[in-house]
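Structure at a glance
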Amino acid sequence: MGVSTSCPEDGVCVVTVDFPPVNALPVRGWYDLADAVRSAGRDPGVRCVVLTAEGRGFNAGVDIKELQRDPGNAALIGANRGCSEAFAAVYECEVPVVAAVHGFCLGGGIGLVGNADAIVASDDAVFGLPELDRGALGAATHLARLVPQHLMRALYYTSRTATAAELQAHGSVWRVVEQGELAAASLELAREIAAKDGTLIRLAKAAINGIDPVDVRRSYRFEQGFTFEAGLSGVADRVRDTFGKEPSGAEKSGKEQQS
Ligand SMILES: CC(C)(COP(=O)([O-])OP(=O)(O)OC[C@H]1O[C@@H](n2cnc3c(N)ncnc32)[C@H](O)[C@@H]1OP(=O)(O)O)[C@@H](O)C(=O)NCCC(=O)NCCSC(=O)/C=C/C[N+](C)(C)C
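What counts and how
Each residue is numbered by its place in its chain's sequence as written, counting from 1. For this predicted model, a pLDDT threshold of at least 70 governs which residues receive local features, and a threshold of 80 or more governs which side-chain atom pairs are given and counted, while totals over whole chains, interfaces and linings are taken from all residues. Note that the side-chain values use all heavy atoms of the structure and ignore hydrogens as well as water. Strands are labelled as partners when DSSP assigns at least two bridges between them. Labels follow the DSSP assignment, with helices taken as runs of H or I lasting at least four residues and strands as runs of E lasting at least two, numbered in each case from the N terminus. What counts as an axis is a line fitted to C-alpha atoms, over the stretch in contact for a helix, and the angles between N-to-C directions run from 0 to 180 degrees. Any two residues whose heavy atoms approach within 4.5 Å at even a single point are treated as in contact. Helices are assigned an expected span. That span is 1.5 Å times one less than the residue count. Identification of polar contacts relies on pairs of N or O atoms within 3.5 Å, with a donor-acceptor requirement for protein atoms, meaning one able to donate a hydrogen and the other able to accept it, and with residues adjacent in sequence counted only if both atoms are side-chain atoms. Throughout, near means a residue has at least one heavy atom within 4 Å of the molecule or strand. The accessible surface values rely on the Shrake-Rupley method and a 1.4 Å probe; as for residues, cover is taken only from the protein chains in view. Every residue gets a pLDDT, meaning the predictor's confidence in that residue, from 0 to 100. The buried label goes to any residue with under 20% of its type's maximum accessible area, the exposed label to any with over 50%, and the partly exposed label to all in between, with areas taken from a 1.4 Å probe on protein chains only. Angular relationships are summarised with four words: roughly parallel below 35 degrees, roughly antiparallel beyond 145, roughly perpendicular across 65 to 115, and oblique for the angles in between. Crossing handedness: left-handed means the near helix sits turned counterclockwise from the far one by under a right angle, and right-handed means the same turn made clockwise. The classification used treats Ala, Val, Leu, Ile, Met, Phe, Trp, Tyr, Cys and Pro as nonpolar, Asp, Glu, Lys and Arg as charged, and all other residues, Gly among them, as polar.

**Focus: the sheet that holds strand β2 (residues 12-18)**
Within the open sheet, the 6 strands sit side by side as β1-β2-β4-β6-β8-β11. Their pairing is mixed. Every interior strand has two partners, whereas the edge strands, β1 (2-9) and β11 (175-177), have only one. Taking each pair of neighbouring strands and ignoring which way they run, the sheet shows an average axis angle of 20°. One ladder, built from 3 bridges, connects strand β4 (residues 48-53) with strand β6 (residues 97-101); its direction is parallel. Looking at β6, one finds that Leu51 is bridged to Ala99. Contacts from helix α8 (residues 182-194) reach β1, β2, β4, β6, β8 (118-122) and β11 within the one sheet, and its direction differs from that of β8 by about 160°.

Given below as structure tokens:
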């Protein structure tokens, strides 16, 4: 349980997240993930990082129960800072990061994959921001990197999810594979990237980040201002406290909601 790192082949490091039952990360988990990704990228022998997860889904976002347990604001501030660190670690990792996504990728999970360099997904993967059902805001910055603007807005306002096949149609998912093939398919892409020169691949990543039209760290920080406003106004607690008491948008599949 937690965040672990392995290097299964030359030049490739795999960072694995494992927080049962659904990979909803506590504050410490976001920071541990950030540390693992940054240190993998700093290793001069590493030329590509694969970010993956064990269990039922890739990521269920922030551990909402940790927020609910806290009578004050420390957990909320911690979750926001921890998410910010983890998202930035993926973006700023010295080498390309391939996200290997299965099952659900929700909330903070979108911040991770939106900032990744490439995404390989299994055919059961769904992506979405249930934040409005959770009294939270944020990660529109990252969803906007995965789908066009109007789809991002509709997904955000409804809390619906999009499938891996839908994201592939928008060009953000590199490959969709059967569930049993995810590890091999993500390693295959990582191996191809890691075959490049280590200095050049680092320069390539820095160059691509440098021409990004959106400064993702600043953009997400701007969004977080509204998260804190929702917190101060009381609406965040009121909505978040419905968690566990009624079905969420994410619990209904995108197809069911559309029918
Ligand atoms: C689709 C989900 C993730 C899984 O569905 P399932 O049917 O496989 O599992 P089940 O719903 O029965 O859940 C199993 C247990 O896990 C608990 N759970 C689920 N999600 C969370 C969570 N995010 N935090 C804490 N605990 C969670 C659930 O209550 C069950 O516990 P018990 O066995 O009953 O004790 C489905 O669970 C789902 O849709 N979950 C909600 C996901 C969600 O809303 N994520 C967004 C969180 S908000 C966020 O990330 C915001 C970030 C903003 N910012 C960065 C600004 C802080």
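**Things to note about the sheet that holds strand β10 (residues 161-163)**
With respect to topology, 3 strands assemble into an open sheet ordered β7-β9-β10, the strand pairing being mixed. For this open sheet the edge positions go to β7 (104-106) and β10, each flanked by a neighbour on one side alone. Put simply, the sheet's adjacent strands are angled 20° from each other on average, direction ignored. By the bridge criterion, 3 bridges tie strand β9 (residues 126-128) to β10 in an arrangement that is antiparallel. Across the sheet, the residue bridging to Gly128 is Thr161, located in β10.

**Thoughts on helix α9 (residues 198-210)**
Taking 1.5 Å of rise per residue, the 13 residues of α9 would be expected to cover 18 Å, and the 18 Å separating its terminal C-alpha atoms lies within 8% of that figure. Where the residues of α9 are buried, they touch α1 (27-42), α3 (74-92), β6 and α8. Sitting at the head of α9, Asp197 places a side-chain oxygen 2.9 Å from the backbone nitrogen of Thr199.

**Topic: the site of the ligand**
Around the ligand there are 25 residues in total, and Arg56, Ala60, Lys65, Arg134 and Tyr220 lie nearest to it. One of the backbone nitrogen or oxygen atoms of Gly108 is found 3.2 Å away from an oxygen atom of the ligand. Here an oxygen atom of the ligand and a side-chain polar atom of Arg134 are 2.4 Å apart. Coverage of the ligand by the protein amounts to 74% of the 1100 Å² it exposes when considered alone. Secondary structure elements with two or more residues in the shell around the ligand: β5 (61-62), α2 (64-69), α3 and β7.

**Comments concerning the confidence of the model for the protein**
On average, the protein scores 94 in pLDDT, and the residues at 70 or more come to 95%. Considering each helix and strand of the protein separately, the mean pLDDT is smallest for helix α12 (residues 254-258), with a value of 40, and largest for β6, with 99. Considering only residues more than four positions removed or in separate chains, one finds that residues 252-259, a stretch of pLDDT under 50, has 6 contacts. For this predicted complex, the interface score ipTM comes out at 0.97, alongside a pTM of 0.94.

**Observations regarding the pairing of β2**
Counted residue by residue, β2 has 6 buried out of 7 residues, so it is predominantly covered. The hairpin turn running from β1 into β2, its antiparallel successor, is 2 residues long, and Gly11 in that turn takes a positive phi close to 85°. Relative to β4, β2 is paired through 6 bridges, and the arrangement is parallel. Paired with Thr16 across the bridge in β4 is Thr52.

**Considering the packing of α1 against α3**
Relative to each other, α1 and α3 sit at 20°, their axes nearing to 8 Å. Between α1 and α3, the crossing angle belongs to the class labelled roughly parallel. When you trace α1 past α3, the crossing you get is left-handed. Considered class by class, the residues forming the contact of α1 with α3 number 14 nonpolar, 2 polar and 4 charged.

**Observations regarding α8**
For α8, spanning 13 residues, the distance from its first C-alpha to its last is 18 Å, which sits close to the expected 18 Å at 1.5 Å a residue. If you check which residues of α8 are buried, you get Leu182, Ala185, Ser186, Leu187, Leu189, Ala190, Ile193 and Ala194.

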